[in-house]
Structures are given as structure tokens and as C-alpha cells.
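# Inside the fold
As a plain string of letters, each chain reads:
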Amino acid sequence: MAAWDPARYLQFERERTLPCRDLVARLEGGPYRRIVDLGCGTGTSTAVLRARWPDAAVTGVDSSAPMLERARASDPAVRWIEADLRRWTPDAPFDLVFSNAALQWLPDHATLFPRLFEAVAPGGAFAAQMPANDGAPYLRAMARLRARPEWRRYRPEAGSEIGIESAEFYYDLLAPRAQRVELWETRYLHDLPGPDAIVAWTTGTGLRPWLASLPDDAHRERFLGQYAAEIARRYPSSAGGRVLFPFVRRFVIAYRAAPPP
Ligand SMILES: C[S@@+](CC[C@H](N)C(=O)[O-])C[C@H]1O[C@@H](n2cnc3c(N)ncnc32)[C@H](O)[C@@H]1O
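Below: a short report on this structure. Note that the structure is a prediction, hence the values are computed from the model and not measured.

### With respect to the environment of W184
Examined against the element boundaries, W184 turns out to sit in strand 6 (residues 180-192). For W184 and W151, which are 33 residues apart along the polypeptide, the C-alpha to C-alpha distance reads 36 Å.

### Thoughts on the packing of helix 6 (residues 137-146) against helix 10 (residues 217-234)
Contact geometry for helix 6 and helix 10: axes closest at 10 Å, N-to-C directions at 140 degrees. Classified by the angle their axes make, helix 6 and helix 10 are oblique. Handedness of the crossing formed by helix 6 with helix 10: right-handed. Facing helix 6, whose interface residues are P137, Y138, A141, R144 and L145, helix 10 presents F223, Q226, Y227, E230, I231 and R234. For the contact of helix 6 with helix 10, the residue count by class is 7 nonpolar, 1 polar and 3 charged.

### Re the pairing of strand 7 (residues 243-255)
Across the 13 residues that make up strand 7, a large majority, 10, are buried. With 7 bridges joining them, strand 5 (residues 120-131) and strand 7 adopt antiparallel strand pairing. In the sheet register, A125 faces strand 7, and the bridge partner there is Y255. Bridging between strand 6 and strand 7 involves 13 bridges; their strand directions are antiparallel. Bridge assignment links E182 to a residue of strand 7, and that residue is I253.

### Quick word on helix 7 (residues 167-174)
Buried residues of helix 7: Y170, L173 and L174, and no others. Buried residues of helix 7 fall within an arc of 85 degrees about the axis and therefore sit on the same side. Check the buried side of helix 7 and you find it contacts helix 5 (109-118), strand 6 and strand 7.

### Here's the deal with the pairing of strand 3 (residues 79-82)
Inspection of the sheet shows strand 2 (residues 57-62) paired to strand 3 by 4 bridges, in the parallel sense. For G60, the partnering residue across the bridge sits in strand 3 and is W80. Handedness of the crossover is the feature at issue here: the chain leaves strand 2, passes through helix 4 (residues 65-74), returns alongside strand 3, and the resulting connection is right-handed.

### Some points on the sheet that holds strand 3
Here we have 7 strands laid out as an open sheet, ordered 3-2-1-4-5-7-6, and mixed in their pairing. Each having just a single partner strand, strand 3 and strand 6 make up the two edges of the open sheet. Recorded for the sheet is a direction-independent mean angle of 15 degrees between the axes of neighbouring strands.

### Comments concerning helix 10
Taking 1.5 Å per residue as the helical rise, helix 10 with its 18 residues ought to reach 26 Å, and the 25 Å between its terminal C-alpha atoms agrees with that figure. Buried within helix 10 are the following residues: F223, Y227 and I231. Projected down its long axis, helix 10 carries its buried residues within an arc of 80 degrees, all on one side. Set apart from the buried face of helix 10 by more than 90 degrees, the exposed residues are A218, E221, G225 and R233. Summarising the contacts, the buried residues of helix 10 are in contact with helix 6 and helix 8 (195-203).

### Digging into the site of the ligand
In the vicinity of the ligand lie 21 residues, with G39, G41, S45, S63 and S64 positioned nearest. Mapped onto the shell around the ligand, the elements with two or more residues apiece are helix 2 (13-26) and helix 3 (44-52). Looking at the shell around the ligand, its residues break down into 9 nonpolar, 8 polar and 4 charged.

Procedures and definitions
- Residues numbered from 1 in each chain as written.
- Predicted model: local features only at pLDDT ≥ 70, side-chain atom pairs only at ≥ 80, totals over all residues.
- Helix = DSSP H or I, 4+ residues; strand = E, 2+ residues; numbered from the N terminus.
- Axes fitted to C-alpha atoms, helices over the stretch in contact; angles between N-to-C directions.
- Parallel < 35°, antiparallel > 145°, perpendicular 65-115°, else oblique.
- Left-handed = near helix turned anticlockwise from the far one by under 90°.
- Contact = placed C-beta atoms within 7 Å.
- Nonpolar A, V, L, I, M, F, W, Y, C, P; charged D, E, K, R; others polar.
- Buried ≥ 20, exposed ≤ 12 C-beta atoms within 10 Å, placed from the backbone.
- Pairing = 2+ DSSP bridges.
- Arc of directions from axis to C-beta.
- Right-handed = clockwise from strand over helix to strand, strands pointing away.
- Expected span 1.5 Å × (residues − 1).
- Near = placed C-beta within 6 Å.

Here's what the structure looks like:
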């Protein structure tokens, strides 16, 4: 349960790829000849990059072997690297350092973001997207359950949970280093088949470390039953049984100055 599950993740491929497409569409400059996709997962985000810059040399980096296996099968022309981004250092700078929905899994953004920006070649860009759902009903549902006496004693592994900082934090960090920084947020309203789809969505990502902390499948099943009831209460279905799942994404692009002519 702790490991990433490609099939579960890809269940919402269309919805999860939308913000990646939006980020790629917003990128100016280039040409980006050397591109790296950090936390490339199954290669879905990498495919969007490949479609936009078909002549670029593209590298995908991820720490999950099952996710990378799927990625490798999707595109043999990409250099796929299994590495932990907490320690990864590039062999040479990239014109585009890109990350879709991955950096929220890494700690200490105050150190991480400047380090990743260092990997951008002059005239290049750093571009990242992370979920920003503080206070969202599904997170409140998780918090409420975790506070119950039955679940209180279980704790996810330190550093294994999602964490992201404010927009101002990323601006203050990157603006002094960059020629220009662009930040924005988008609130997507995903049209899902029903509340159970929200349960499936969040078990594939944010709920993973928490489920991993439970001792066995019986506990996980009981927890998920309670979680599903909370979700159904907080996300009422429409008349047709479908449900709109609001999901906020925070985007940041930082452009590095080009060398003087
Ligand atoms: C939500 S998926 C995003 C995948 C892909 N970028 C996409 O848009 O479909 C997050 C990915 O980040 C990877 N990841 C999380 N922590 C990591 C780390 N410390 N080093 C490398 N990859 C990591 C996970 O293995 C997972 O594949």
C-alpha cells in the first residue's frame, strides 16, 4: 500500500494531466533542447513535454520502480533515471527543469527549490505544479478520522506526507535568483462519477502514507469505510449521481536570465 500503484494513479489520467498541459502551455522562451521531468511517474507528464518539444533530449527522474517501469514502456526515446530527488544532482544544466505534481512529496522547499533552480541553464526555465488544497473537505475528513481514538496512535513515516508552502514563499525564494517569476493558482472542478471516485483519487495519492501506517488490510478496509462515509457527506452527489471535485493547483515558473550577447 505504501508503494505508488501505476494503475491506480492512471485511473484519473485525464484529470491529472490537465494542469500539466496548462503549465506547458504557459511556458514562454526556449527553444528548450535539454529537458528534465522531475518525479515523472508513469511518464504522462513527460509525454506532454515530448509532444511540445519533439526534438528535445528529455530525461525523466523518479524514485518509484513500478512507476518508472510503466514510463520506460511508454517511450524508449526518453532517458529514464531511478533516483531520489532529495539527493539527485544533474550531470549538466537543463534548459527546462520541469515537475508536475511531485515536489509536494519532498521536504524542505527552502533548500530544494534554489537547488533545482541551479540546474537551469542560462536562458532556461524552472516550472512546477503542486496541489494546494489546504482546508479542502477531503483533507478535513482525513484529519477528523485520524483524530479518532481508534486511529490516533498510527502515524505516517516522518517526511512522507504532502507539504507545500505559500505562493509568497516561492516568490521570495526564486525572485532574487530569476529574471522573472510567474505564479498562479487554478481551481479545477473535476466531474467525477460519484463520491467513491474521490475516495479512489485520494487513496492513490495523498492518503497513501497514512494508509501505509496502518498495520494490515483489515484496518485499511475499516478506515476506508469510515473515510468513504465522510466523503459522501462532504461531497454530495448531483441529481445524476455525479460529483464535482474541487482541486486547487499552485503553479510556479522562474526564468533564468540569458547570457549577454
Ligand atoms: C503524483 S505523481 C506525478 C507523476 C507525473 N509527474 C505526472 O504528472 O503524472 C508523483 C511522483 O513523484 C515521485 N516522487 C515522490 N517523491 C520522490 C522523490 N523523493 N524522488 C523522486 N521521485 C519522487 C513518485 O514516485 C511519483 O511517481
